[in-house]
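What follows is the residue order along each chain.
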Amino acid sequence: MEHASKVQDSKADGNLETFHYDNTIVRDFTIATLVWGGVGMLVGLIIAIQLYAPSLNFGIPYLTFSRLRPLHTNAVIFAFVGNGIFLGVYYSLQRLCKARMFSDLLSSIHFWGWQLIIVLAAVTLPLGMTTGKEYAELEWPIDVLIAVIWILFGINLLGTILKRRERHMYVAIWFYIATWVTVTVLHVVNSLAIPISLFKSYSIYAGVQDALVQWWYGHNAVAFFLTTPYLGLMYYFMPKAADRPVYSYRLSIIHFWALIFLYIWAGPHHLLYSALPDWAQSLGTVFSIMLIAPSWGGLLNGLLTLRGAWDRVREDPVLKFMVVAVTAYGMATFEGPMLSIKSVNALSHFTDWTIAHVHIGALGWNGFLTFGIIYWLIPKLYNTSLYSKKMANAHFWISFLGIVFYAVPLYWAGITQGLMWKQFTPDGMLQYFNFLETVTQIIPMYILRSIGGTLFLTGTSIMFYNIYKTAKQGKFLADEEAQAPALAKVYHATQKGQYHRWLERKPVQFYVATLIAILIGGALEIIPTFAIESNVPTIASVKPYTPLELQGRDIYVREGCYTCHSQLIRPFRSETERYGEYSKAGEYVYDHPFQWGSKRTGPDLHRIGGKYPNSWHYSHMIDPSVLSPGTVMPSYVWLAVKTLDASTTSAKIKAMMKLGVPYPEGYEDQALADLQEQAERIAKDLNDAGFETTADKELNALIAYLQRLGTDIKVK
Amino acid sequence: MSEVKDELLDHDYDGIREYDNPLPPWWINMFYITIVWAVLYLLYFHVTEWGDRSIDEYKKEYDQTWSKDKDPNYSAPKFVVGYHAPYYSMKADITPKMIAEKMGKPEAPKEVEIIKDYVALTDAGSISKGKEMYLKTCVACHGMLGEGGIGPNLTDDYWIHGSTINDVVRTVTRGVPEKGMLAWGKIFGEEDILKISSYVLTIHGTNPPNPKPPQGSLVK
């Protein structure tokens, strides 16, 4: 191979130019990363404690687990990691392109727009404005804003690449491009919805199709928001911090393309044993397994880059954080495929095993890589050295211990509960037929987990102080001077026959190639599932929801019931004995959005309808602990007090009709009367049972919905 | 080129250099193996259809002798073309569970009877303890005075699960999960349940206001 002394391409280019890197935008995103990271982790800690102390919501709807959990996930993914991506991209892109960002104005709009989105999320999610689709909970006006800001970021990204003074795009930039292209596609396709009002919309997809699109999105949010951009950051900051060459250029080519092509297919592994077609489930499984090697390509190029620098890993907190981050990445990307094997998933799904798994990624990979980058970066921006290496080391060990205390108890809890759900007595009866028993069993693990979370947050707080002091002692370098020769218009390739080298010079072609790579998998899974919709025979007895049930369903979505309850009974004897007949695809055809859930902190609800009297539900919502002593479900007493806003009924029916739900023509005018009639009946039933309530309460609607669930094909 | 030579390429990105070391053989082999595995997996389950679908596994859970070759109702799923959702039968009313029942699933052994003979407690201390516990737990469904609510009236002459002290202890201990009554035996000890049950028998015939209409059978 050519030796290092080979003449640099750039030497043949134009005159040396002087320009300035924009460090202000990097600093701003760093501050945002730290602030929102702290908020996201704090909310996570609060809800972790609520899992064993549900009264910690203080009886306030806005502070209840089911509304805060989406806030936690969104804050960590889009606020903490999101800002982390941007800080790293804005720093590295300029240097890799030898150019200032394309437009300072766009940078600034991007920064403030993104923070505005986060603030809007932090306000609307606790208020219960949610689409009910995990990690895509934000309502349509915010979705539109996200799309606009994201596209502006894309223009800035592409603009900078186009005006670069470096002939070839480094591997980090490939990952940035893949991130931008794919997230755009994912966000737009998954967020399509029909608005009812400014704060409420219905997903245009229903049931099985909605589930497939949602997890195509959800899985690839992990892939293209939490993984590919961070791999890009790794490729820049790790060789920089270690001052070592990247281990293998050809490995980076192969694992990049393999990763983005394969990743997009793997979404259905979130829906194993569900009502999704078997063939789609199998694609989810096999593509997850095929992902092991491409994922580990990143791990290898990270760890092997450190050859010759391991002595410094012992000393340098930056490298320590990075090594653990990359190792956590390797663990999580091996565990993920294992969880995609059906027999493993049968045990792990719906349990805390999944929660442990994602936190290896979030705390270890994203968290620690972000910390490492910030510890390396801030002293550079402020032209100083780190205020205290000792503190950074303390942060490392405390947070590392935090991850251990977080993950180990949750693995234990997940496996324990999964096994308890499946345990039969020798007589063939469920050993733990009372779901609650499987919850109280793992509460000690929940307590340990929250200690782990506390440790992690403590470490992060130490970092805040350390970074603050570092900035204080240095002098901020807002515009960093640099020099590079301009690129000549004409380029003569010095090496022939290297196709990929050509692609690295051609940003537009690179975008197109990336787009094609990521569209194939998504299209081949989603299009058949939709195209053959007419082949999916609807079950004749499955009817649209009554207006009151529809309103009740929206309350179910608003309160975030899906954060703890699934609506998907898998075809296992242990589930059909516990919950009733397993769930059929045809039962969900009117569910906009689907509400299958991904975690069972409480029991499945798909066949809850008709199981208990109305009065049971009424009493249970007001104080669950009366009927289930020891329960971790909080009270939803406000539902019994609040008046249902029935004025939206006709608009909701109309929207549903637009989506193809077969209400009779003109039913939107009849709906309100039907709603009131049904509400009266439920209220009377409750009155007869001794509860003083009136027909106009929200709780009546929710009860109507719950009583309907799964009854259309109920098998006696 | 298969050994690690650590030769630098002429790449230089903001000071970052690159080697072009070969892919580790174990890594590339692992990649090949997973690809082969993926192809075999799809062939096994969706082309040859030798493998059991989720729903076939489920049928086997109920009847270990079941196999798709022997099942006259089994229809082979087609891959994509002629697709139908896996857990869905056109006749939604026919389910594996019903098939299993028709085929006669092994009868679940009858609940083991509580053979112990209880004697209702009558001493004031036990009764007041029983009442105290009743007011903490049972009251939510059976009312302050046993007049009933979500659960049945406990003061009338009608009983769903039997009227003797043994019946009541058994009902409280095991609960009636299908109607939402918990198995209190898992929460309270035997002694406490006997106290609660004894208290329940003392309120029989008290005719509280707002009684729930009778349920179950008349026991005089």
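What counts, and at which threshold
- Residues numbered from 1 in each chain as written.
- Chains lettered and ligands numbered in written order.
- Predicted model: local features only at pLDDT ≥ 70, side-chain atom pairs only at ≥ 80, totals over all residues.
- Heavy atoms only, no water.
- Helix = DSSP H or I, 4+ residues; strand = E, 2+ residues; numbered from the N terminus.
- Rg over C-alpha atoms; globule rule 2.2 N^0.38 Å.
- Contact = heavy atoms within 4.5 Å.
- Areas by Shrake-Rupley, 256 points an atom, 1.4 Å probe, with all protein chains shown as cover.
- Buried < 20%, exposed > 50% of the residue type's maximum accessible area, 1.4 Å probe, protein only.
- Salt bridge = Lys/Arg side-chain N within 4 Å of Asp/Glu carboxyl O.
- Axes fitted to C-alpha atoms, helices over the stretch in contact; angles between N-to-C directions.
- Left-handed = near helix turned anticlockwise from the far one by under 90°.
- Nonpolar A, V, L, I, M, F, W, Y, C, P; charged D, E, K, R; others polar.
- Pairing = 2+ DSSP bridges.
- Patch = residues over 30% accessible without salt bridge, like charges linked within 9 Å, V, L, I, M, F, W, Y side chains within 5 Å.
- Domains from an automatic or database assignment.
- Buried area = accessible area lost by both parts, 1.4 Å probe.
- Polar contact = N/O pair within 3.5 Å; in protein donor to acceptor, adjacent residues only side chain to side chain.

J.: Before we move on, can you summarise the overall build of chain A with the specific residues and values?
T.: For chain A, the helix and strand inventory stands at 26 helices and four strands. The C-alpha radius of gyration of chain A comes to 27 Å, within 12% of the 27 Å expected for a compact globule of 716 residues. C-alpha atoms of chain A, sized along the principal axes, occupy 90 × 55 × 50 Å. A separation of at least 24 residues holds for 83% of the contacts in chain A among residues at least 6 apart in sequence. Only carbon and sulfur atoms are counted for the fraction: they give 65% of the accessible area of chain A, which is about 24400 Å².

J.: Got a sec to walk through unusual backbone geometry? Specific residues and values, please.
T.: Here His592(A) and Pro593(A) are connected by a cis peptide whose omega angle stands at -5°. Tracing the backbone through its elements, the reader meets Pro593(A) in the loop between α20 (573–579) and α21 (614–622). At Tyr135(A), a position not held by glycine, the phi torsion is positive, near 60°. For Tyr135(A), the location among the structural elements is in the loop between α3 (104–124) and α4 (140–162). A relative accessible area of 16% places Tyr135(A) in the buried class. Here the phi dihedral of Asn210(B) falls at roughly 50°; this positive angle occurs in a residue that is not glycine. For Asn210(B), the location among the structural elements is in the loop between α6 (190–202) and β4 (217–218).

J.: Outline the pattern of salt bridges, supporting the account with residue identities and numerical values.
T.: Residues and elements named next belong to chain A. Per the stated rule, a full pass over the model turns up 32 salt bridges over all chains. Residues Arg67 and Glu559 are paired through a salt bridge, measuring 2.7 Å at the closest nitrogen-oxygen approach. Linking Arg67 in helix α2 (residues 65–97) with Glu559 in helix α19 (residues 547–559), this pair joins segments that are 492 residues apart in sequence. Residue Asp210 pairs with Lys133 through a salt bridge whose shortest N-O separation is 2.6 Å. On the criterion of sequence distance, the pair formed by Asp210 in helix α6 (residues 207–242) and Lys133 in the loop between α3 and α4 is long-range, its members being 77 residues apart. There is no split in this pair, since Asp210 and Lys133 are both buried. Overlapping salt bridges, with partners in common, bring together Arg67, Arg558, Glu559 and Glu698 in one network.

J.: Got a sec to walk through the packing of α6(A) against helix α13 (residues 352–381) of chain A? Specific residues and values, please.
T.: Residue and element names in this part refer to chain A. In the contact formed by α6 and α13, the axes pass within 10 Å of each other and the chain directions differ by 35°. As for how α6 packs across α13, the hand of that crossing is left-handed. Only Trp365, Asn366, Leu369, Thr370, Ile373, Trp376 and Leu377 of α13 make contact with α6, whose side of the interface consists of Leu226, Thr227, Tyr230, Leu231, Leu233, Met234, Phe237, Lys240 and Ala241. Looking at side-chain class alone, the contact of α6 with α13 contains 12 nonpolar, three polar and one charged residues.

J.: Pulling in residues and values, what's your account of the pairing of strand β2 (residues 16–19) of chain B?
T.: Relative to β2(B), strand β1 (residues 8–13) of chain B runs antiparallel, the two being bridged by three bridges. Residue pairing in the sheet places Tyr13(B) in a bridge with Ile16(B) of β2(B).

J.: Could you give an account of the side chain of Arg570(A), with specific residues and numbers?
T.: Among the structural elements, Arg570(A) can be located in the loop between α19 and α20. Those residues in contact with Arg570(A) that sit more than four places away from it in its chain are Leu272(A), Tyr273(A), Asn345(A), Ala346(A), His349(A), Phe350(A), Glu575(A), Thr576(A), Tyr582(A) and Arg600(A).

J.: A description of a nonpolar patch on the surface should follow, citing residues and the corresponding values.
T.: Residue and element names in this part refer to chain A. Together, Leu42, Ile46, Leu56, Phe58, Ile60, Tyr62, Leu63, Val119, Val123 and Leu127 make up an exposed nonpolar region whose accessible area comes to about 810 Å². For the nonpolar patch, the secondary-structure elements that each account for two or more residues are α1 (24–50) and α3. By secondary structure assignment, the location of Leu42 is in helix α1. The exposure class of Leu42 is partly exposed, given its relative accessible area of 44%.

J.: Outline the domain arrangement of chain A, listing residues and values.
T.: All names here are of chain A. Per the domain assignment, the segments making up chain A are domain 1 (17–476 + 503–525) and domain 2 (547–708). Computed over C-alpha atoms, the centres of domain 1 and domain 2 are 33 Å apart. Of the residues lining the interface, 63 residues belong to domain 1; the matching set on domain 2 comes to 53 residues. Taken together, the two surfaces of domain 1 and domain 2 that pack against each other cover about 4700 Å², and 65% of this comes from carbon and sulfur. When the area that domain 1 buries against domain 2 is broken down by residue, the three leading residues are Tyr202, Phe350 and Phe435, summing to 17%. Put simply, domain 1 and domain 2 have three salt bridges between them. Between Asp554 and Lys200 there is a salt bridge whose closest N-O contact spans 3.5 Å. The interface formed by domain 1 and domain 2 includes 17 residue pairs in polar contact (both at pLDDT 80 or more). For the side of domain 1 that touches domain 2, the element with the most residues is α6, which contributes six residues. Taken together, the residues of the side of domain 1 that touches domain 2 sort by class into 35 nonpolar, 19 polar and nine charged.

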